Amino acid sequence: MTVKTRFAPSPTGFLHVGGARTALYSWLYARHHNGSFVLRIEDTDLERSTQQAIDAIIESMKWLGLSWDEGPFYQTKRFDRYNQLIDEMLADGRAYRCYCSKERLEQLRQEQMARGEKPRYDGHCRCCQEEHSPDEPCCVRFRNPDEGVVHFHDHIRGDVEIANSELDDLVIRRTDGSPTYNFCVVVDDYDMGITHVIRGEDHVNNTPRQINIYKALGAQVPEFAHVSMILGDDGAKLSKRHGAVSVMQYRDDGYLPEALINYLVRLGWGSGDQEIFTLDEMIEKFSIDHVSKSASAFDTNKLKWMNRHYIQTLDPEYVASHLEWHMKDQGIDCSHGPKLSAVVKALAERAETLKDMAQQSRYMYEDFTEYDAAAVKKWFKANTGEVLDRCLEKLQQVSQEDWKAENLHPVVEQVAAEMEIGMGKVGMPLRIAVTGRGVSPGIDVTMELVGRARTLERIRQAREKLASA
RNA sequence: GGCCCCGUGGUCAAGAGGCCUAAGACAUCGCCCUUUCACGGCGGUAACUCGGGUUCGAAUCCCGACGGGGUCACCA
């Protein structure tokens, strides 16, 4: 049997990290077993589904690199199929028309709650179908079995059992004629030959009733695995108040897709003490049975650590391609200045995100007039004028083609030696003059990146500022 | 409230009855390195929710309590 999994989001909002992790697990499972992966958009809720959400989900999937083999399928395009099946079920009693008013249902619910019972449909319309005329408005309900228990083996949670007496006859076609989720998923997973349904924990309770529908349809019941939720740093349910929750937000905040994927795969799953996984390693080692049953808290700190790891270890050219996006996002024009891959190499150890990196490299592309006040206060001393003069003099002698960190480094050493002061007393004023700030990569590398003309000009500029102060 | 699920450091987790005096990672603290900021290196603090069983032996199996979450729609 060829494994076939799917990711089936409802397009009522962006793709959040919980959904992304479920998609990842589903994707990994398929890839691990050499199976295929389907993307299906569950848009039966006409009210809440939006094209914007569909676009955001697809963009997120692509950014993450979760490629699908089939789809995207849309449930709204399959209404004929669902209705055909519902009509067949209606014909032989596997489903029935329900004429109960919203008011009656509401009252029923109130009464049950008042009695401390679980609110559920009482099966009122199971009989007496002939009392109603065929054109009277009604919805259609699935005739759920009354007796027995539904049992299934969940690949993550183990054996789960729910008594049929806990279930009621759920609506499968609304009064407006549109089929509902619980029916559509079953039909789709059946029609599409899905062998393993990997989805969020919030669906465990739906599973038994869906299994009853599979059986009513004479369909083979697939395997199930329900992935637990992701919580915020504080252990509470993840929400906007926790900052980033959507995949696209992580892109915007400067995370590499590799980092998010690696973080997500480790959140709720582990393989020995390994933390870093290449995609191939994940595919090879991933096992759904080892996914944690308990909910896990999203730890942005660890994500940052992973992000740094990938910024440092991935091919600088590749990282630069992502950095370019952020440079544009920050409005920095990189057409004149160092190559982005060189920026990546210089800043990889000091930036936790690409957004950071873009901000930290601004002075390499743009001139400035303001200096970091705290840095100036701490490092600009009485001898700073002399330091800058001596540096300028020696730097001017370095030609454009020799303008490399290895040739720039001795300048700082020489000035420090000549003046009999520590390297920091030379490097820091120079750094502030060249970058305007107290933080940058090694001063030699920094000057190389800023470039000869800009470096010399900035030292002169600082010198003037000092003289006038 | 009914039903379902979950419970190892602050966080993610390893752990499948003896190898547990409980890995590793992130975070945190200290030291070292150091021209800034970082990186890096070394070391420290820190956990089996509780109570009963079963067993020669329990983090691991069973029961219960407590705590947390999910779900109870003509949403998905």
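Residues numbered from 1 in each chain as written. Chains lettered and ligands numbered in written order. Predicted model: local features only at pLDDT ≥ 70, side-chain atom pairs only at ≥ 80, totals over all residues. Heavy atoms only, no water.

**Q** Looking at this structure, how should I read the protein's contact with RNA strand B?
**A** Close contacts around RNA strand B come from 61 residues, with Asp-45, Arg-174, Thr-175, Glu-349 and Arg-350 the closest. Pro-119 places a main-chain nitrogen or oxygen 3.1 Å from a sugar or linking oxygen of RNA strand B. Within the side chain of Glu-166, one N or O atom sits 3.5 Å away from a sugar or linking oxygen of RNA strand B. For the surface near RNA strand B, the secondary-structure elements that each account for two or more residues are strand 5 (139-142), strand 7 (158-163), helix 5 (181-191), strand 12 (296-297), helix 10 (300-313) and helix 18 (423-435). The element best represented in the surface near RNA strand B is helix 18, accounting for five residues. (Near = heavy atom within 4 Å. Polar contact = N/O pair within 3.5 Å; in protein donor to acceptor, adjacent residues only side chain to side chain. Helix = DSSP H or I, 4+ residues; strand = E, 2+ residues; numbered from the N terminus.)

**Q** Is there a simple way to explain the domain arrangement of chain A in this structure?
**A** Often the size quoted for an interface is simply the accessible area lost on bringing the parts together. When cut into domains, chain A gives domain 1 (4-70 + 181-230), domain 2 (80-173) and domain 3 (367-469). Each of domain 2 and domain 3 was reduced to a C-alpha centroid, and the two centroids are 78 Å apart. (Domains from an automatic or database assignment.)

**Q** Just checking my understanding: could you explain a negative patch on the surface for this structure?
**A** There is a patch of like negative charges on the surface, built from Glu-401, Asp-402, Glu-406 and Glu-448. In this structure, Asp-402 sits in the loop between helix 16 (384-396) and helix 17 (405-419). (Patch = residues over 30% accessible without salt bridge, like charges linked within 9 Å, V, L, I, M, F, W, Y side chains within 5 Å. Areas by Shrake-Rupley, 256 points an atom, 1.4 Å probe, with all protein chains shown as cover. Salt bridge = Lys/Arg side-chain N within 4 Å of Asp/Glu carboxyl O. Lys, Arg positive; Asp, Glu negative; His and termini not counted. Charge placed at Lys NZ, Arg CZ, Asp CG, Glu CD.)

**Q** When you look at the sheet that holds strand 4 (residues 95-98) in this model, what are you seeing that I'm missing?
**A** What the three strands build is an open sheet, ordered 4-5-8; its pairing is antiparallel. Single-partner strands in this sheet number two, and they are strand 4 and strand 8 (171-173). For this sheet the average axis-to-axis angle between neighbouring strands, irrespective of direction, equals 45°. As paired elements, strand 4 and strand 5 share four bridges and run antiparallel to each other. Residue Tyr-96 lies in a different strand from strand 5, and its bridge partner there is Arg-141. (Pairing = 2+ DSSP bridges. Axes fitted to C-alpha atoms, helices over the stretch in contact; angles between N-to-C directions.)

**Q** Please explain the layout of surface pockets as it appears in this structure.
**A** Over the atoms, a rolling probe the size of a water molecule traces out where space has been left empty. When its volume is computed, the largest pocket comes out at roughly 1,200 Å³. Lining the largest pocket are 38 residues, and of these Ser-10, His-16, Gly-19, Asp-202 and His-203 lie nearest its centre. When contributions to the lining of the largest pocket are tallied by element, the ones reaching two or more residues are strand 1 (4-7), helix 1 (17-32), helix 5 and strand 9 (196-200). Here the lining of the largest pocket gets four residues from one element, more than from any other, and that element is helix 1. Of the residues in the lining of the largest pocket, the class split is 14 nonpolar, 13 polar and 11 charged. If you add up the space inside the second largest pocket, you get close to 490 Å³. Where the lining of the second largest pocket is concerned, the elements lending two or more residues are helix 4 (102-114) and strand 5. The element best represented in the lining of the second largest pocket is helix 4, accounting for four residues. Here the lining of the second largest pocket is composed, by residue class, of nine nonpolar, four polar and eight charged. Summarising the domain contributions, the lining of the second largest pocket has at least three residues from each of domain 1 (4-70 + 181-230) and domain 2 (80-173). (1 Å grid on protein atoms, 1.4 Å probe; cavity = no way out; pocket = protein on both sides within 12 Å on 5 of 7 lines; lining within 4 Å. Points joined across faces, edges and corners; volume = space filled by probe spheres on them. Nonpolar A, V, L, I, M, F, W, Y, C, P; charged D, E, K, R; others polar.)

**Q** How should I be thinking about helix 10 in this particular structure?
**A** With 14 residues, helix 10 ought to run about 20 Å at 1.5 Å a step, and its terminal C-alpha atoms sit 20 Å apart, in line with that. If you check which residues of helix 10 are buried, you get Leu-303, Met-306, Asn-307, Tyr-310 and Ile-311. Around the axis of helix 10, the buried residues are gathered within 140° of arc, so they sit on the same side. Each element contacted by the buried residues of helix 10 is listed here: helix 7 (247-252), helix 8 (257-266), helix 11 (316-329), helix 12 (340-347) and helix 13 (354-360). Two or three places before Asn-301, at the opening of helix 10, Asp-299 has a side-chain oxygen 3.1 Å from that residue's backbone nitrogen. (Expected span 1.5 Å × (residues − 1). Buried < 20%, exposed > 50% of the residue type's maximum accessible area, 1.4 Å probe, protein only. Arc of directions from axis to C-beta. Contact = heavy atoms within 4.5 Å.)

**Q** Any chance you could explain the packing of aromatic side chains here in plain terms?
**A** In this description, an aromatic ring pair is defined by two values, namely the gap between the centres and the angle between the planes. Applying the stated criterion across every chain, the model contains nine aromatic pairs. When the centroid spacing of 5.6 Å and the interplanar angle of 40° are considered together, the rings of Tyr-250 and Phe-298 count as tilted. With Tyr-250 in helix 7 and Phe-298 in the loop between strand 12 and helix 10, the pair connects residues that are 48 residues apart, well separated along the chain. Joined through ring pairs, the aromatic side chains of Tyr-25, Trp-269, Phe-277 and Phe-286 make up one cluster. The residue whose ring lies beneath Arg-141 is Tyr-121, and the NZ or CZ to ring-centre distance is 3.5 Å. (Phe/Tyr/Trp six-rings, centres within 6.5 Å; stacked < 30°, edge-to-face > 60°. Lys NZ or Arg CZ within 6 Å of the ring centre and 35° of its normal.)

**Q** Is there a simple way to explain a positive patch on the surface in this structure?
**A** Positive charge collects at one region of the surface, where Lys-377, Lys-378, Lys-381 and Lys-425 lie side by side. Considering the arrangement of structural elements, one finds Lys-377 in helix 15 (residues 373-379).

**Q** Is there a simple way to explain the environment of Glu-386 in this structure?
**A** Relative to the assigned elements, Glu-386 resides in helix 16. Here Glu-386 falls in the partly exposed class, since its relative accessible area comes to 37%. For Glu-386 and Tyr-318, which are 68 residues apart along the polypeptide, the C-alpha to C-alpha distance reads 42 Å.

**Q** Just to check I follow, could you spell out the pairing of strand 1 for this structure?
**A** Two faces belong to every sheet, and in a regular strand the side chains alternate between them. By the alternation rule, side chains of strand 1 split into Lys-4 and Arg-6 and Thr-5 and Phe-7, which are all buried. Strand direction decides the pairing type here: strand 1 and strand 2 (residues 36-41), joined by four bridges, are parallel. Its bridge partner being in strand 2, Arg-6 is matched across the sheet by Val-38. For the crossover from strand 1 across helix 1 to strand 2, the handedness is right-handed. (Right-handed = clockwise from strand over helix to strand, strands pointing away.)

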